[in-house]
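Okay, here's what each chain looks like letter by letter:
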Amino acid sequence: MPYQGPQRVLSGIQPSGDMHLGNYLGAIRKFVDLQHQMDCHFCVVDLHAITVWQDPKKLKEQTLHIAASYIAAGVDPKKAAIFHQSGVPAHAELAWIFNCVARLGWLDRMTQFKDKAGKDKERASVGLYTYPVLQAADILVYKATHVPVGEDQKQHLELCRDIAAKFNHDFDTPDFFPLTEPLIKGPGARIMSLRDGAAKMSKSDPSDQATIYLKDSADDIAKKIKRAKTDPEPLPSETKGLENRPEAANLVGIYGALAGMSDDEVLKEFGGKGFGVFKPALADLVAGKLGPIGAELRRLEADPGYLEKTLREGAARAAAVADRTVAEVKEIVGFIR
């Protein structure tokens, strides 16, 4: 029998750097829409953050920054639970049980660990290796039916589905956990670096010019877009002409995502024109969309007490769901309660 529970969304962002345009278009803007469609839980995944060393003072500041970014972009804490992952102990408790469900071979296939650990995997934390199991617990502790994820997280969601299916099978509870579906499609799903069209826009990019941050001023945005890597050719009149032009395709995609236009519609307006015309138009559009968000973000960050209160209240709401799931899991597994 398929899962019969409520439609629910879970997603989270690591507190490991300032929020940028890619985070907004690829995740946070989708959160704003989803809060009106399903029961939503949006967390700051601080437990995931410490899989690599974090300065404690900076970790707290970044956690508040992510919460402020959610709210500034339009997530309503009265409608969706906004909370810090460590504020709901059920995440870690369910993760241990899932460590005993997941198989070593499954984790050995996770490409993100190989990418992040590199040649020094013997020096990587155990937490970095089991990161995907905690991620599965994050999702399934709420019995989330949908998760907005990027392509780079799709493999982890497949692991989550495998863990759910194995738990359901092993304990003869075929419809206890849902097989969570990804929400990947949509404009702005993958925003690339302004300096390299083959690399994803990142909080950790060594070049400050590669990333547009939510708190950037209009002048900063204009300068970064003006300096963005392009090629000498004018924009084509149709999307086929963007093939093998990753930087041009990225800028067209950003414009379309912010303007609510398809790439074809953007090229219908700007096809045949050079970047000397297109870049100023793009800079005005980005500044117009991010300006109010940046201003609200700065206002919220000036009131850390409010942000901490919001996170604690969100954690209490989230725990009401998560604790119930863990209690049910303990009963199924055979623990004395």
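My aim in this report is to walk through the structure given alongside it, one point at a time. Note that the structure is predicted; figures quoted are calculated from it, not measured. (Residues numbered from 1 in each chain as written. Predicted model: local features only at pLDDT ≥ 70, side-chain atom pairs only at ≥ 80, totals over all residues. Heavy atoms only, no water.)

**Some words on the packing of helix α10 (residues 246–259) against helix α12 (residues 275–301)**
Moving on, step 1. It is at 10 Å that the axes of α10 and α12 come closest, and there the two elements cross at 40 degrees. Relative to α12, α10 is oriented oblique. With respect to the hand of their crossing, α10 and α12 are arranged in left-handed fashion. Facing α10, whose interface residues are Ala248, Leu251, Val252, Ile254, Tyr255, Leu258 and Ala259, α12 presents Phe275, Phe278, Lys279, Ala281, Leu282, Leu285, Val286 and Lys289.
Moving on, step 2. Of the residues that constitute the contact of α10 with α12, the class distribution is 13 nonpolar, no polar and two charged. (Axes fitted to C-alpha atoms, helices over the stretch in contact; angles between N-to-C directions. Helix = DSSP H or I, 4+ residues; strand = E, 2+ residues; numbered from the N terminus. Parallel < 35°, antiparallel > 145°, perpendicular 65-115°, else oblique. Left-handed = near helix turned anticlockwise from the far one by under 90°. Contact = heavy atoms within 4.5 Å. Nonpolar A, V, L, I, M, F, W, Y, C, P; charged D, E, K, R; others polar.)

**Quick notes on the pattern of salt bridges**
Moving on, step 1. The full count for this structure, using the stated rule, is 16 salt bridges.
Moving on, step 2. Between Glu93 and Lys330 there is a salt bridge; the shortest N-O distance is 2.7 Å. Here Lys330 lies in helix α13 (residues 304–333) and Glu93 lies in helix α4 (residues 90–99), a separation of 237 residues in the sequence.
Moving on, step 3. For Glu93, a relative accessible area of 34% translates into the label partly exposed.
Moving on, step 4. The salt bridge involving Asp231 is made with Arg245; its shortest N-O contact spans 2.7 Å. (Salt bridge = Lys/Arg side-chain N within 4 Å of Asp/Glu carboxyl O. Buried < 20%, exposed > 50% of the residue type's maximum accessible area, 1.4 Å probe, protein only.)

**Here we look at unusual backbone geometry**
Moving on, step 1. Residues other than glycine seldom take positive phi values, yet Lys143 does so here, at roughly 50 degrees.
Moving on, step 2. Tracing the sequence through the fold places Lys143 in the loop between α7 (126–140) and β4 (146–148).
Moving on, step 3. Residue class for Lys143 comes out buried when judged on its relative accessible area of 13%.
Moving on, step 4. Positive phi is not limited to glycine here, since Asp172 has a value of about 55 degrees.

**Brief notes about the environment of Asp323**
Moving on, step 1. Considering the arrangement of structural elements, one finds Asp323 in helix α13.
Moving on, step 2. Residues Asp323 and Leu94, 229 residues apart in the sequence, show an inter-C-alpha distance of 9.7 Å.

**Overview of helix α3 (residues 56–73)**
Moving on, step 1. The end-to-end C-alpha separation of α3 is 26 Å, in line with the 26 Å expected for 18 residues at 1.5 Å each.
Moving on, step 2. Most of α3 sits inside the fold, with 13 of its 18 residues counted as buried.
Moving on, step 3. Capping the start of α3 is the job of one residue whose side-chain oxygen sits 3.2 Å from the backbone nitrogen of Lys57: Asp55.
Moving on, step 4. Gly74, located one to two residues past α3, shows a positive phi value of around 125 degrees. (Expected span 1.5 Å × (residues − 1). Polar contact = N/O pair within 3.5 Å; in protein donor to acceptor, adjacent residues only side chain to side chain.)

**Considerations on the pairing of strand β3 (residues 81–84)**
Moving on, step 1. Burial along β3 is two-sided: Ala81 and Phe83 facing one way and Ile82 and His84 facing the other are all buried.
Moving on, step 2. Bridge count between strand β2 (residues 39–44) and β3: four bridges; the pairing is parallel. Pairing of Val44 across the sheet is with His84, part of β3. (Pairing = 2+ DSSP bridges.)

**A word on the side chain of Arg245**
Moving on, step 1. Structurally, Arg245 is set in the loop between α9 (218–227) and α10.
Moving on, step 2. Polar side-chain contacts of Arg245 include one of 2.7 Å to the side chain of Asp231.
Moving on, step 3. With near-sequence residues (within four places) excluded, Arg245 lies in contact with Asp231, Glu233, Pro234, Leu235, Pro236 and Phe275.

**A short note on helix α11 (residues 263–270)**
Moving on, step 1. Residues of α11 that are buried: Val266, Leu267 and Phe270. In an axial view of α11, the angular spread of the buried residues amounts to 95 degrees, which keeps them on one side of the axis.
Moving on, step 2. Contacts made by the buried residues of α11 are with α10 and α12.
Moving on, step 3. Once α11 finishes, Gly272 follows within two positions and takes phi at roughly 90 degrees, a positive value. (Arc of directions from axis to C-beta.)

**Overview of the side chain of Ser11**
Moving on, step 1. Tracing the sequence through the fold places Ser11 in strand β1 (residues 8–13).
Moving on, step 2. Under the relative-accessibility criterion, Ser11 is labelled buried at 7%.
Moving on, step 3. Those residues in contact with Ser11, other than ones at most four positions away along the chain, are Phe31, His41, Phe42, Cys43 and Pro148.

**Quick look at the nonpolar core**
Moving on, step 1. Ranked by internal contacts, the top residues of the largest apolar core, which has 58 residues, are Tyr24, Tyr70, Ile254, Phe278 and Val286.
Moving on, step 2. With 11 residues, the top contributor of residues to this core is α12.
Moving on, step 3. Ile254 has contacts with Leu21, Ile191, Leu194, Leu282 and Val286, leaving out every residue within four places of it along the chain.
Moving on, step 4. In terms of nonpolar packing, the next biggest core, distinct from the first, is built from 45 residues, Leu10, Phe176, Ala318 and Val321 among them. (Core = buried A, V, L, I, M, F, W, Y, C linked by side-chain atoms within 4.5 Å.)

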